[in-house]
Amino acid sequence: MPASDSLKSHYEDRTRAASAWSEAGGRVIGFTGPPCPVELIAAAGFLPVRVSGSPAGGREAFDKYALPTHPKWSTGPRQIALGYVNAMTEAVLNGSWSVLDRLIVSNPRKAVYLIHTILCHSRQMDPELQAPESYFVDHTIVSSYDGARFHLRVFEKLRAALEAWSGKPITEAALADAIAQANETRALLARLNAFRIEQAPRLSGSLALAAIGAVQTMPAAQANELLASLIEEVEAAPHRDGPRIFVAGSALDNDALYRAIEASGAIVVGESHSWGAAAFGPAIRTDIAPFAAAADHFHRQRPDAVYPIAEAVAGMARQVEAAKPDLAVFQVYHADDHLAWQAPSEMEAVRALGVPTLYLSEAPYQPEDPAIIGRKIADALGTAARPLETAQ
Amino acid sequence: MTVIPDRLASVNRIRQIRRDWTEETRARVAAGEDFVVCNGDECEELMIAMDIPFIAINYWNFLIVAQKKTDHYFKLLRERGHYGDDFFALGYAATLDPSQAPWGGLPNPTLIVGSTRFESELRICELWAQEVGCPCIPLDFSFPEPIAKRLPSDWPDHMFTDWVKFVDADRLAHRWSEERVLIRHLERKTGKSFSVADLARVCDLINEQMSWWNKAQMLIAKADRCPVGIRDQMSIYQAMWHRGSELGVELIKDYHDEVEERVKNGVVAVPNERIRLYYGSQTPPWATEIEERYGAATVACYYTGIPALYGRQFDPGDPMMALAARHMLLFSIGPDRIIRDAKLHRCDAVIGIEPHRGAYPSLDERECEAAGLPFLALPREASDPEIVDMVSRFIEDRLLASSEKLNAG
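Residues numbered from 1 in each chain as written. Chains lettered and ligands numbered in written order. Predicted model: local features only at pLDDT ≥ 70, side-chain atom pairs only at ≥ 80, totals over all residues. Heavy atoms only, no water.

K.L.:
Just to check I follow, could you spell out the interface of chain A and chain B for this structure?
P.N.:
Interfaces are often sized by the amount of accessible area the parts lose when they come together. If you look at the interface, chain A gives 54 residues, while chain B gives 50 residues. Of the roughly 4,300 Å² buried between chain A and chain B, counting both surfaces, carbon and sulfur atoms make up 61%. Between chain A and chain B we count 4 salt bridges in total. Between Glu 119 of chain B and Arg 109 of chain A there is a salt bridge, and its shortest N-O distance comes to 2.5 Å. Seen at the junction of chain A and chain B, the total is 17 residue pairs in polar contact (both at pLDDT 80 or more). Breaking the side of chain A that touches chain B down by element, the ones donating at least two residues are helix H4 (60-69), helix H6 (110-125), helix H7 (145-166), helix H13 (309-323), helix H14 (337-340), helix H15 (343-352) and strand E8 (357-363) of chain A. With 10 residues, H6 of chain A is the largest single contributor of residues to the side of chain A that touches chain B. A breakdown of the residues in the side of chain A that touches chain B according to their chemical character gives 24 nonpolar, 18 polar and 12 charged. (Contact = heavy atoms within 4.5 Å. Buried area = accessible area lost by both parts, 1.4 Å probe. Salt bridge = Lys/Arg side-chain N within 4 Å of Asp/Glu carboxyl O. Polar contact = N/O pair within 3.5 Å; in protein donor to acceptor, adjacent residues only side chain to side chain. Helix = DSSP H or I, 4+ residues; strand = E, 2+ residues; numbered from the N terminus. Nonpolar A, V, L, I, M, F, W, Y, C, P; charged D, E, K, R; others polar.)

K.L.:
Help me out: how do you make sense of unusual backbone geometry in this one?
P.N.:
Most of the time, phi is negative for any residue but glycine, and the peptide bond is trans. Of note, the amide linkage connecting Pro 34 of chain A to Pro 35 of chain A takes the cis form, showing an omega dihedral of 0°. Of note, Pro 35 of chain A is situated in the loop between strand E1 (28-31) and helix H3 (38-43). Of note, the phi angle at Lys 324 of chain A is positive, near 45°, even though the residue is not glycine. Within the element layout of this structure, Lys 324 of chain A appears in the loop between H13 and strand E7 (327-333). Lys 324 of chain A gets classed as partly exposed once you look at its relative accessible area, which sits at 34%. Even without a glycine there, the phi angle at Asp 51 of chain B is positive, about 55°. (Buried < 20%, exposed > 50% of the residue type's maximum accessible area, 1.4 Å probe, protein only.)

K.L.:
Looking at this structure, I do not really get the pattern of salt bridges. What am I missing?
P.N.:
It is possible for side chains bearing opposite charge to pair when their charged atoms get close. All told, the structure shown has 49 salt bridges over all chains when counted by the stated rule. Across the salt bridge formed by Asp 138 of chain A and Arg 171 of chain B, the nearest N and O atoms sit 2.5 Å from each other. Taken together, the residues Asp 138 of chain A in the loop between strand E4 (133-136) and H7 and Arg 171 of chain B in helix H8 (residues 169-190) connect one chain to another. Comparing Asp 138 of chain A with Arg 171 of chain B shows no difference in burial state: the two are buried. Of the charged contacts, one joins Glu 311 of chain A and Arg 302 of chain A as a salt bridge, the two residues approaching to 2.6 Å between their closest N and O atoms.

K.L.:
Sorry, what's going on with the packing of aromatic side chains here?
P.N.:
Working definition: an aromatic ring pair is given by the centre-to-centre distance plus the angle between the planes. Taken as a whole and assessed by the stated rule, the structure comprises 16 aromatic pairs over all chains. Here the aromatic residues Phe 143, Trp 213, Tyr 237, Tyr 302, Tyr 303 and Phe 331 of chain B are joined through ring pairs into a cluster of three or more. Lying over the aromatic face of Trp 275 of chain A, Arg 50 of chain A brings its terminal NZ or CZ to 3.7 Å of the ring centre. Its end group placed over the ring of Trp 212 of chain B, Lys 215 of chain B keeps NZ or CZ at 4.5 Å from the ring centre. (Phe/Tyr/Trp six-rings, centres within 6.5 Å; stacked < 30°, edge-to-face > 60°. Lys NZ or Arg CZ within 6 Å of the ring centre and 35° of its normal.)

Keep in mind these values describe shape, not function.
Here it is as structure tokens:
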């Protein structure tokens, strides 16, 4: 099977690699996305798998367990309607992720870390509930010396927990190996991304999204092998023509928007959301001891609400500039109250680069009709200013 | 029995004091004094201790709502690309168009404290600070801190002394540290000096004020029939904005004395009181109609039990540790406190607001019912015909029917 098909298949069934790992006697730990010291989990001998929900996943378990126990005052009145987080909660509660031995809930935003609270309360409500036991990996919004110390304590507590779960210490050699493999994944993804941002891309945004998503669900060695094969495939692929689109906004756990955009003849050449190219972050340092490097990497991972907003806006501008799009599409889900207050500033910065923007605000989590998306894209491109390359 | 429909004198006084405070604060900042914008319950005590005028964002936003400017400002925000009609953003919106704002708008603050309570709040504070050109200093882990495991059901009885057990130790250390950073910013920007002794005095006054408040609430709870209507119980809540001051203590001691007097004289708030209700918000908008129709008195609500939870035993050498813990966890959210307060006030039922209700009963409903408290979930706070009908049917079917059966038996 070509690597592209294999990666797409793993993207479609994100428990596939975990099931194989589990059947072979391995133990699987799910995580809800960055910020999370994933390499530490791998070094402890577990398979780290990024958990997601799906627009097709229903909400029966969410209604039964999460809605009645949701601490409604904790995130704001609208947060209980944030679709992608609810879908992830549903998937964890309804047994879709029964392959997990445990779930690590990270803190990119309150709406996500409440999954931990909901799981704890749901289990108290129904001791028979078949959902993985969760562990909370905290993070601050503000980056500071105190924040670094806080993250170091979180890291050390997770290390102790992992060692307790596995029954053996995590060695420096094992962590160095996990870091090396993860850095190789990052390097391969960067090479792959080059095929997207070249003048005439050879890699579609949909396939890139699937590859990035899939490699977060499998052992690093398998991921690297598939990515290397995919690079060979893409090198031989024909160049594509079409308007270049940058996708920003809410985390996209599915490829519906990308498919709709690319069905209209455009190509997604980059994105800023946490399921895209930014999922892995920069390489982990190898010039210092592995534990210090992994802890430092965890500290430098940023939550969804990067403080200050100027840093978030500047980061967005840098990413858009690198992708050289004809249009930046900002899709912010209904009830994504963090991005609803950030996206307008980001769009202003993007437009200042000469790149027009399309704002899909209050978007439903359930994918819209691709034809409607296509029309919106076409309309936006019809009124588009010159592409960035020529605007500069 | 004496019926006094008039408002309490202490309530009338606090209303006047708030009006005066508004004018005084406005005059102080207009005269060039520094002032700070922050969210309620997140750090005000620092400003009180340093005598820096401040405005709590939620208070300011309620002033905007009271002046019926909500629609204007939500429209303005939508024109700027901000959807979702976020109450928290009203103050920011008023800065964009001061012509429609209370006081003719706020003068530019010296500093805005960035709230991390709801997800939108830090961004809104940052945009606000950008607009007026002042720093925005965020604080991590603002109340309400979600708790991984539910606290013991009697946590309200232990919050005063055992607060340290109810918050995460690492989070507390971090928050304590961040509040110290905020103090440094306040000192630098205002030229005023922070004093631990001043903060300890503020904490002492808060404890004293809340102790009087709790005593008053216990008098209300234990009286044969409710001596103070829910409107007055909520109106006196404005004294919360004066916590940590001599005036705050005086206001609530006067309130206590007045409640005590009413109990002694057998005064009742709802003359035909037959049913006692606990309401899961502030003053029920349908209260008068339901009182008159069924003699159903709302004797307690979500807010009436909160003052008692402000008190914290603290180390006079480091009062900020207890304060930082309270800024992270003022109280735990969930049915424990509702059941405790409803039973304390001998309520016959609990009426909650559950806009997101699904097919399954909420934890609040489940546990209230299990504790013998019939529970009604309303989809919204309103007194429209649908809501009044829901409340009426609940009273007739669940409360009157059972009491009639009881009487018949």
